[in-house]
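# Breakdown of the fold
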Amino acid sequence: MSQNPTKHTKVLIIGSGPAGYTAAVYAARAMLKPILVHGSQPGGQLTTTTDVENYPGFADVIQGPWLMDQMKDQAKAVGTEMIEDHISSVNLKSKPFEASGDNGQKYTADSIIISTGAQARWLNLKSEQEFRGFGVSACATCDGFFFKNKEVAVVGGGNAAVEEAMFLTKFASKVKLIHRRDELRAEKLLQKKLMDNKKIEIVWDSVVEDVVGDQNPKNLKGIKIKNVKTNKIEELKLDGLFIAIGHDPATQLFKDQLKMDNEGYLITKPDSTETNVPGVYAAGDVKDKTFRQAVTAAGMGCMAALEAEKHLSSK
């Protein structure tokens, strides 16, 4: 296979989704001719979300995959070069920065915007994946609204799980928190709030064994849980199941080159998307474990592009 010549760009955007696409729109409009490298399924977590009701600008419910296609087409229309490749290594010590793709393509860049996102951790049950978007979700703030006066369960025991359970009580008639141990990891103050909430019931020492539902139309009916101490299996009738066992940011690529926190999220300067390497920016869920919304990711993508442009013009 003949080697492609190295591709150079002023701005290399790694990763798609709202952060990457918005960064591309702003960088392209600033005449920086960005290159955006995306994987085989561009669009990130939103492509697994069907109904989107909280993205500003749409009075009617829109579809996550459609929104991502629109952003992609917009970024292309204003002059972004889109390349399907998987960046397998980067060198942030060289000037310009260097990146290599799986297929051997080399890239050099005067600035880099990282928008590789994060993935929710799943229980990895076949039945759970089957009902994803049909009653099974990993985001209460995205999907809680659809469970008005219904019964739901949250799996997990950390801050995120407790916060999701509390949030869901705004809509659901009953929330069961299922935890595999007999005490929660969440902070004490949150635990107290949880215990005081009449709508929440905690199911201790239990793990989800299976997700049960109808096929046509696809619709969650309940779950089978196993008590880890007694091995007893029982079935709970439910309308919704929320998995809240954490997220993993896609930052392996930048290990030992960029500062990250103990969970692997990239650390940026206050009120900025700049990492500890000048000219390298991080936007979206790859650095944000607090909000994790499409609109905040898009906002950071805009910030990153504007910061990159300023950085390049000061050179």
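For the structure itself, look to the data block above.
Residues numbered from 1 in each chain as written. Predicted model: local features only at pLDDT ≥ 70, side-chain atom pairs only at ≥ 80, totals over all residues. Heavy atoms only, no water.

### Details of the overall build of the protein chain
Across its full length, the protein chain carries 7 helices and 19 strands. On C-alpha atoms alone, the protein chain measures out to a radius of gyration of 21 Å, which is about the 20 Å that the 2.2 N^0.38 rule sets for 315 residues. Based on the C-alpha atoms only, the size of the protein chain along its principal axes is roughly 60 × 40 × 40 Å. The 315 residues of the protein chain split such that 49% are buried. Pairs at least 24 residues apart make up 59% of the contacts formed inside the protein chain by residues separated by at least 6 positions. When the accessible surface of the protein chain is summed, it comes to about 16,000 Å², and 51% of that surface belongs to carbon and sulfur atoms. Here the protein chain contributes 40 positively and 39 negatively charged side chains, and the mean placements of these two sets differ by 2 Å. (Helix = DSSP H or I, 4+ residues; strand = E, 2+ residues; numbered from the N terminus. Rg over C-alpha atoms; globule rule 2.2 N^0.38 Å. Buried < 20%, exposed > 50% of the residue type's maximum accessible area, 1.4 Å probe, protein only. Contact = heavy atoms within 4.5 Å. Areas by Shrake-Rupley, 256 points an atom, 1.4 Å probe, with all protein chains shown as cover. Lys, Arg positive; Asp, Glu negative; His and termini not counted. Charge placed at Lys NZ, Arg CZ, Asp CG, Glu CD.)

### What about the nonpolar core?
Nonpolar side chains in soluble globular proteins generally cluster together in the buried interior. In terms of nonpolar packing, the biggest core is built from 30 residues, with Ile 13, Tyr 55, Leu 67 and Ile 113 touching the most fellow members. Among the elements of the structure, strand E1 (7–14), helix H1 (17–29), helix H2 (64–77) and helix H7 (294–313) are those that each provide at least two residues to this core. For Tyr 55, the contacting residues outside a window of four places in its chain are Ile 62, Leu 67, Met 71, Ala 294, Val 295 and Ala 298. The next biggest cluster of nonpolar side chains, apart from the first, holds 21 residues, and it includes Ile 14, Ala 109, Ile 112 and Ala 282. (Core = buried A, V, L, I, M, F, W, Y, C linked by side-chain atoms within 4.5 Å.)

### Some details on unusual backbone geometry
Both trends apply: most residues other than glycine have a negative phi, and most peptide bonds are in trans. Each neighbour pair has its own omega, and for Lys 95 with Pro 96 the value is -5°, a cis peptide bond. In this fold, Pro 96 is placed in the loop between strand E6 (87–91) and strand E7 (97–101). A cis amide bond links Asn 216 with the next residue in sequence, Pro 217, at an omega value of -5°. Relative to the helices and strands, Pro 217 is located in the loop between strand E14 (206–215) and strand E15 (218–227). Although it is not a glycine, Met 31 sits at a positive phi angle of roughly 65°. With respect to the secondary-structure elements, Met 31 resides in the loop between H1 and strand E2 (35–38). For Met 31, a relative accessible area of 64% translates into the label exposed. At Arg 292, a residue that is not glycine, the phi angle is positive and equals roughly 55°.

### Examining the state of the cysteines
Tallying each qualifying case throughout the model produces 1 disulfide. Note that Cys 139 is cross-linked by a disulfide to Cys 142, the S-S spacing being 2.1 Å. Classification of the bridge connecting Cys 139 and Cys 142 rests on its S-S torsion, roughly 75°, and on that basis the disulfide is right-handed. The class of Cys 142 is partly exposed, set by a relative accessible area of 26%. (Disulfide = S-S within 2.5 Å.)

### Overview of the environment of Phe 167
Turning to its location among the elements, Phe 167 is positioned in helix H5 (residues 159–168). Classification of Phe 167 as partly exposed rests on a relative accessible area of 22%. Distance in space between the C-alpha atoms of Phe 167 and Phe 58 is 24 Å, their sequence separation being 109 residues. For Phe 167, the contacting residues outside a window of four places in its chain are Ala 140 and Thr 141.

### Some points on the packing of H1 against H2
Relative to each other, H1 and H2 sit at 20°, their axes nearing to 8 Å. Considering the angle they form, H1 stands roughly parallel to H2. For the pair H1 and H2, the crossing hand works out as left-handed. Here H1 contributes Gly 17, Pro 18, Tyr 21, Thr 22, Ala 24 and Val 25 to the contact with H2, which in turn contributes Met 68, Met 71, Lys 72, Gln 74 and Ala 75. Of the residues belonging to the contact of H1 with H2, the class tally is 7 nonpolar, 3 polar and 1 charged. (Axes fitted to C-alpha atoms, helices over the stretch in contact; angles between N-to-C directions. Parallel < 35°, antiparallel > 145°, perpendicular 65-115°, else oblique. Left-handed = near helix turned anticlockwise from the far one by under 90°. Nonpolar A, V, L, I, M, F, W, Y, C, P; charged D, E, K, R; others polar.)

### Considering the sheet that holds strand E17 (residues 240–243)
Note on sheets: strands pair through backbone hydrogen bonds, and any given pair is parallel or antiparallel. Pairing in this open sheet of 5 strands is parallel, and the strands run E10-E17-E11-E12-E13 from one edge to the other. The sheet is open, and its two borders are formed by strand E10 (136–137) and strand E13 (200–203), each paired with just one other strand. Pairing analysis gives 4 bridges linking strand E12 (residues 174–178) to E13, with the strands arranged parallel. Residue pairing across strands places Val 175 opposite Ile 200, the latter belonging to E13. H5 contacts strand E11 (151–155), E12, E13 and E17 of the sheet and is inclined by roughly 170° relative to E11. (Pairing = 2+ DSSP bridges.)

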